[in-house]
Structure formats: structure tokens, C-alpha cells
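# Structural characterization, general
The residues making up each chain are set out below.
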Amino acid sequence: MTEEKQTERYDFRAIEKKWQRRWEEAGLFHAENKSDRPKFYGLDFFPYPSGAGISVGHCRNYVPLDVACRQKAMQGFNVLHPMGWDAFGQPAENEAIKRGRNPKEMVEEYAANYKRQLKLVGISYDWSREINSSHPDYYKWTQWFFLLLYKRGLAYRASTPINWCPSCKTGLANEEVVAGRCWRCGTPVEKRPMPQWYFKITAYADRLISGLDTIQWPEGIKLMQREWIGRSEGAEVDFPVVGHEETIRVFTTRPDTLWGATFMVLAPEHPLVDVVTTAEQRAEVEAYKLKAQRETEIERQSTERAKTGVFTGAYAVNPVNGEQIPIWIADYVLMGYGTGAIMAVPAHDQRDFEFARKYNIPIVLVYQISVDQTIEAMTEATPHTGTMVLSPFAGSPNDKTTVNKVIRWLEEKSIGQGRVNYRLRDWLISRQRYWGAPIPIIHCPKDGEVPVPEDQLPVVLPDVEKYQPTGTGESPLAGIPEFVNTICPVCGGPARRETDTMGGFACSSWYFLRFADPHNNEEAFSREAADYWLPVDLYVGGAEHAVMHLLYARFWTKVMYDAGLIAFEEPFQRLRNQGMLLAHTPGREVRKDEDVSDGEDTDSDEPIEDWKVLRPEERKTFPPDQIVWRWVKMSKSKGNVVTPDEIAEKYGADSLRVYGLFVAPFEDTVQWTDTGIEAAHRYVNRVWRLWTELRPHYRPDWRADLGAISSLEGQERNLRRKLHQTIRKVGEDIESFRFNTCIAALMELTNDLSAFRNELGNKAPTEPQAILISEVLETLTLLLSPIAPHLADEFWERLGQEGFTFRQPWPQFDPEVAAEEAITIVVQVNGKVRDRLLVPVDMPDSEIEKLALESEKVRAELDGKQVRKVIAVPGKLVNVVIG
RNA sequence: GCCGAAGUGGCGGAAUGGCAGACGCGGUGGUCUCAAAAACCAUUAGGGGCAACCCUGUGUGGGUUCGACUCCCACCUUCGGCACCA
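A brief structural summary. Here the structure is a predicted model, which is why all the values come from computation and not from measurement.

Moving on, we come to the protein's contact with RNA strand B. Every one of the 51 residues lining RNA strand B counts as a neighbour, but Thr-253, Lys-307, Tyr-337, Arg-351 and Asn-879 are closest to it. Per the 4 Å cut-off to the protein, sugar and phosphate atoms form 65% of the nearby atoms of RNA strand B. Between RNA strand B and the protein, one listed contact pairs a phosphate oxygen with a side-chain N or O atom of Arg-682 at 3.0 Å. One of the side-chain nitrogen or oxygen atoms of Arg-834 is found 3.5 Å away from a phosphate oxygen of RNA strand B. In the surface near RNA strand B, the residues fall into 20 nonpolar, 15 polar and 16 charged.

Moving on, we come to the packing of aromatic side chains. Enumeration according to the criterion identifies 53 aromatic pairs in this entry. Relative to Trp-127, the ring of Trp-85 lies with its centre 6.0 Å away and its plane at 20 degrees, an arrangement referred to as stacked. With a gap of 42 residues between them, Trp-85 in strand β3 (residues 84-85) and Trp-127 in the loop between α4 (103-120) and β4 (131-132) connect regions that are remote in the sequence. We classify Trp-85 as buried; its relative accessible area is 1%. We classify Trp-127 as buried; its relative accessible area is 15%.

This part covers unusual backbone geometry. Cis geometry is found at the peptide bond from Leu-457 to Pro-458, where omega equals 0 degrees. Of the consecutive residues Leu-534 and Pro-535, the connecting peptide bond is found in the cis state with omega at -5 degrees. By the element assignment, Pro-535 lies in the loop between α16 (527-533) and β26 (538-541). The backbone of Lys-169 shows a phi angle near 55 degrees, a positive value even though the residue is not glycine. Following the sequence through the fold, Lys-169 ends up in the loop between β5 (155-165) and β6 (170-172).

The next subject is the sheet that holds strand β21 (residues 441-444). Remark on secondary structure: sheet strands pair via backbone hydrogen bonds, oriented parallel or antiparallel. One open sheet holds the four strands; their spatial order is β22-β21-β24-β23, and the pairing between them is antiparallel. What marks the edges here is a single partner per strand, and that holds for β22 (448-451) and β23 (485-487). Direction aside, neighbouring strands of the sheet carry axes that sit 45 degrees apart on average. Looking at chain direction, β21 and β22 are connected through four bridges and run antiparallel. When the bridges of β22 are listed, Cys-444 appears paired with Gly-448.

Rules of the game
- Residues numbered from 1 in each chain as written.
- Chains lettered and ligands numbered in written order.
- Predicted model: local features only at pLDDT ≥ 70, side-chain atom pairs only at ≥ 80, totals over all residues.
- Heavy atoms only, no water.
- Near = heavy atom within 4 Å.
- Polar contact = N/O pair within 3.5 Å; in protein donor to acceptor, adjacent residues only side chain to side chain.
- Nonpolar A, V, L, I, M, F, W, Y, C, P; charged D, E, K, R; others polar.
- Phe/Tyr/Trp six-rings, centres within 6.5 Å; stacked < 30°, edge-to-face > 60°.
- Helix = DSSP H or I, 4+ residues; strand = E, 2+ residues; numbered from the N terminus.
- Buried < 20%, exposed > 50% of the residue type's maximum accessible area, 1.4 Å probe, protein only.
- Pairing = 2+ DSSP bridges.
- Axes fitted to C-alpha atoms, helices over the stretch in contact; angles between N-to-C directions.

Quick look at the structure:
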């Protein structure tokens, strides 16, 4: 036969377009709120749709979850896999300002583009549930939740110094300040006193810690949350101030060292500073306060910084021994933690030790390491060693038990109180920006703060021409009289609306619930829908939200639980973080003193940047030999974005999917390479050719003749075993997010199938061979379905089947077929491999041991030496210990 | 500084107490072709040997074990997080 038929070309563009259209027409991914099947809710962190669209980097979290969801659907689950837009917030507003555009229109356009791209990649979203946090029918409920928190005493307005970003011109939550800088723009953050809205997240601190034990999240993320909440146990103690009514309250984790307190330190901003400072010291104290105020957070937080401080002239009384100790102010004490004041125990706290040495303040040992220990010889504080020598507890060890004993004693004597303190601060929710959900509060001159009645929600964000931040600390909304002026719901008199909007994290703290019931106009979600779908079974997104979004969403969920709205306390059962995608990017080296935007870091130990991306226009003119290539995160600002559009056009969406899954473990940071995507494409092509060549031998009724292949031998038996092993492996690997080895397993199967095809050549297959081919082709098609869904559905159709692989049951493996018949037993001598034995699976250990000892290699090693021990591990190896 | 994760061929990675390097990239040789590409086949950790084989090898140094990439201790490096938290 010379009709060596040319295999049909793999026309992925046509195939992918065709199936995407058919899926949409069939409403294939539409999830019903009721089903006899068990539910599965898979969720991606909902994105802010930026103008750059999605890059192949985004596909690294959307595709794996899509694979998991598609597999769940085939396994018989009723799957909810939704997508929506985190459209409110500063990123969108900043971009709109930059482009001189209306944020509303702009966001619609960008979201539409995202949607188009996600469809292009073949993600199985139920688009009928698409939501947009900037739509009134969504933010109505964000406002409703604000009022829920308000009514439960969890939203309050207070005027304390806030983190202010001078570039974004708005307040920032503590979580949004990274190393003293704004997390969005990197501008050093300032402190400003201003009346602001807060959510009382600190009231939930303990539950936010304990809840972590009930969920399957990466340990690193849990740890970061625990640290952020920063629980510490200790005591509060009041120190009377000599000659004043006031007392200074301190929090300490080490009340057992009270007897060694030789001075006190107040934060420069502490309200009592002005009260206690003496006339002689006032000038010096004022100067220090001013200096501390001028310093940015960055400067104040810099490590290895020498301690500085000023004496106030005042003294406090140590309540445990009546001694008078000086009161200082110093910037190493922070107003934002504890009470803003500390008792200083230089002997047992390193910071206090340094301070005492510098200002010649006495040091008193509470715990002594040895009888001849002298203060003069000390070079550092000894926080965790020694035996107590002062106090009624002399003789106690320096440990937790002693601390607890002292706390009880303090409570009995009414000197102090046991107390738990948290690093977590309340969540600053006010933003002096336009593009957010207005805070639904009315300020009435008569009735004060009045919540907007629920039937008046939403408080609609007005359409305006000018929405730029004012920079005065007032929201742009304050300049719109039609918005501001309203009527007090209580007295009917004239009143003013709150003009701050909510930060974007409010919108994202409940969106996962809205997906359960996205079109509900009566409530945020129906209890029934929430009970059915929630909690989210699998949540996938980047680790950059480890504290912010994930902490806030957990907080709101607990509030809703307490309000009886839902039956669960943790919103996300299982969480996975995908790794970053890096692109090889040309840049140039930058001298450390060049291009440093805020040229005042004279002694900063960290260079801001010693390398800069070349701008596109620079790339053409820059001397090639001076270009320094680096792997950096793919982002529009770096000019190194690869879009799914171009990859889908050149290689196809299925190839892109395979690439991202295969290139590295899901959590790992990976480097985008052209050879990588080409390899994936080559594999998909290879499957296409192999499958297409074998397709003519397919028998639709192969299941009826399974008996014909129950006793295959040789290569055919091996291929069938491989097939069933692959079913097992692919199933397990998708379940556990090990997509790279999952693809590898499919490649191995393909390789075996290829060898089989080569063996077969142009010969017509025998009856059993045809059945085997049929089983392999059909099963391979279904195994590929979650990974390369377009290709799989095309194959499915070409097998003469109806419908979609998405609706087919996931293949089951036959353990007997998958079982190995003969296994290789490794024979070791003293732990070194000397021989290998191929034995039947069911050979008894004693037999294997005997064979091993008879092995020529082993006998050669023996050479007169004694066999001391023989270790046999069933199915694995025999180790002969000689000596 | 503290906390966490990681370190394996030329490269991405596999193996989580039992055959180190699956799978893929890249390389080399071959088949096909007028030629090339594609595809297919073979080979590919390093060193030694004509060979069958032998030795070395998972960041470094110790330890536990019959046996360690895997567990324990110390150190080095890289990445991520936190950073005067009283």
C-alpha cells in the first residue's frame, strides 16, 4: 500500500474557535443552584481589570483552577466556577486619571477585554454570574454590609493620626503600608490626624487566629496572618506620676521584671508628654517631638539605628517597690503599639539596655546568671536566662511560669492586670477618593451620625466630570453639593452626607458570597444559595494577598456568621498560591546614587534599585554589549508582557495551557521561554498526529469486547497497563495540584502509544489490538479534557460521539490492569546497589532473599566475609549487610 | 536581625527513607529529503576502561540509619515575609 496518507493538519485556530462557540451556545458551564450531585466551588481571586489585559502570567492561576474544576465536573460534581471584576479602587481610578478617562466607561471596556481573553484561553467560567464591584446593584450590598458592621458596633469614626500617602492623596490601612511606603505607588507614608472610618477587626483577633487551624492553607500564609495579628500575653501596669494625678499605663510581656524597671519611656506623640514635662526640660522635649514628627516612617523604622531620647524632668513611681524612676521620651517607643509607653528594664531588654548605657541610667538585675555577675561587665541584656534575685519570687527561674505567677500576684495587689495585646490595628476603611462605594452615613447637626436607611440604598456614586483627588484631605465628593446636601432620615432637617468612600478591600470582602446568588435584588445573597455553595472549596490566587484581602474577607465572614447570615466561619476551605511568571527583560545597570527618586537615603543600607528596565525606545539605541538581562515579573510597566492573544494565535490555547501546567510546580516562580511554549505545542501536535493516525482503527463498541484484551501479553499488555496507571496518576495529580507530573505522565503514555504505533506500522491491527487502540484513544481523549479541552472535544466528535467531554464521566482505572506483574528488586550490599532482580510480584520475601544471596555480584562482594544481616523490603529491595 | 521556603545534569524539573536525574528543553549521531525544515529513531550527570563493568555525585560540614536528595544539628547561598511590637 502506497497510500501513506498525509495526516490532517492540526488546525488549532479553527478547532478552538469552534468549541468555544459551541460551549457558549450550549451554556455548558452554567451552574444551577440546585442539584442532586455534590457541589464544588472553585474560585479565583477576582481581578482588577487593568488596561494591559491579561498576560500569560495570569493564566498560571486561571488555567490550573480550570483544570481542577473541569475534572470535578467530570467526576460528577455540580461545579460553580465564576468570575467577576474588582473594579472599584485606586488602581482603576489612577489609570483613569492618567488617561483622562471616565473610570466607569474605562472599567467596562477593560473588563470586556479580560472576558474576551479568558474565553480565548478556554476557561470554564459561568459568565451568567459575572459581577462588577463598581455596579450599584453590587455596591448597594457593600454599603449594606457597612451598615451591618456599624449596627454591630464594628464600624466607627475616630480622629487619630492615619497613614497618609501624599502621592495617592488618601489614607491607607495599616496593611497597605509596606516598609513605610504605600503598597501601590511606593511613596513614603506620612502621618496625618484626620477623622476617619475604621472597622473594628481587632475585636476578632483571637478568632482570626484560631480559625486558621480549621482550614487547609499553605502554612506560610497562615504564619503570616498569625504574625500580622501578633498576639502577645502580658500585663498592664499603672505607674503614678510624681506630683500629678495622672498615671502612665504600660503594657509589658514581662511583668516579672518590674523590679528591674529603672526608667520609663513615652512615645513622643504620647498625650501625657505635654502634661508631665517640666519647665526646664520643655524646650528640649519640644525639639525632640518636632524632629520625630518630621521623620518618615521609613527613617523611624530603620534598623541598627542608635537609640535617642530626651528626659522629661518628671518621675514615676514603680508600683512594686515605690522607687522613683525618670520618665523619658524616645522614638523607639511607638504610639501605635500597646499603650505608647513602656517600663524600661535595661538588664533584661536589649533596647532598654542600649538606651540606659547611652544615657547613664542605672541597670538593676532581676535575674542573675551567676553570683559574681556584675552590671559593669554586661555587654548585652539577658532576657531569657538566670534566676530571680529580687522580688517576693526570688529563686524562680526565668520562664513563663514565673511570669504567670507574677501576673496573679499583681492582680491580687491591684497593681496590674493580665492582658492580651495585639499588633493588629483596626482597619482604616475611609478613602478620600472618588472611585469607591460611598460610605452610607449622614451627618446631621441635630442627630449626629445617622446610618442611611436600608431602603435608601444604594447611595449612588454621582457621575462627575472632575474626580481627581483634592489633596486637601477631603474626598472629591465633598465638592458636589447635590451629593453632599441631603435630609436627615431621623429629623428630616438638612444634613450632609459622608463624603469618604470605602477602600477597595471592602468590595472584595464578600464577593465570593455574591457569586452564589448574583442577581438577587432583595438581599446580598439568599441564605439558601449561600448554604448550598459556600464555603469556597478551592481558592486560587497570588500570595501577595496573604494578609490584606484574606484577613479582611475572613473578618467579614465571621461578622456575617455572628449576625446569623451564614452557617460557616471560614470562607475559603482550601487555598493555593500560584508562583509568579518572570520574563527575560533587558535593562541597564544604574549606579546606586543615580535615579534614586527620593535622594535622601544617605545611610540606607538597601539600594532602592541597581538595575533599570530599558524603555522600548531605549532598546534600539542602547549599546547591546551593555544590556544586562534579568528575570523580572511580567508586567506592563516593564514592557515584557506576553499576551495569551499572541500565544493562542501562534500556538493555540491548548498549547498555552499545557505549557503553564508543565513548566514547573504550580507554586514555583517560573521563567517564560519561547522554547518552553514550543515544546508544549510540539507535544499537543504529537498527540494530534498519533491520535489521528490511529483513529481509523477505533471501534465505538469496544467496551462490549473487553474480554478480548483481558489477557494481552508483551507490548500490548504494557501499553494497557500504562494506560490504567496514567488514569490513576492524572487523577491524583490534578487533585493535589501537581500538574507538571500530570503532564509528564500523559507524555509517557503518548510515548508508549507512539512506540506501539511504530511497531504496528502499516499492518492492520488484530482484533485485540483494535480494541486496545479504541480504549486508549477514548480514554486519552477524556484524560486530556480538563487540560486541553478544545482538542479533547474535537477528538470526542471525531470518535463519533455526541456532546462534550465536560459532560462525560471521568475515566476509572482498573487496579488489576494497572498492577505490575514483575518488579525489579534492587540488591544492595552494605547499602550500595550491586544487582537487580526481575521477579514476579507475588514472589515471597524468603524466596527473594535466597535469590539475592545467590546473586553472582553479591557472592563476589562476600569474598569470605560474613553475612551479618539481610534486610528485605517487600516489593523494593534486599540489602545484604556484610562485614 | 527574626520567621518561612528552597538549593539535584548545560537548562526547567522528577524521586519525601529504598534503582538519583522521570518528563521536557538543549546537544550529538542517524533515518527520510536534491537540500532544508518538520517528523521519527538512537544517545546524552561527571570521570575511568576495548569491554562486561568500576568509581564519584543531590549547596558545605557533621550525625541518625542496614540504607539519606529525603530525617536531625551547624553553616553557606538564594528567594519571600516581618522588622525597635515593649
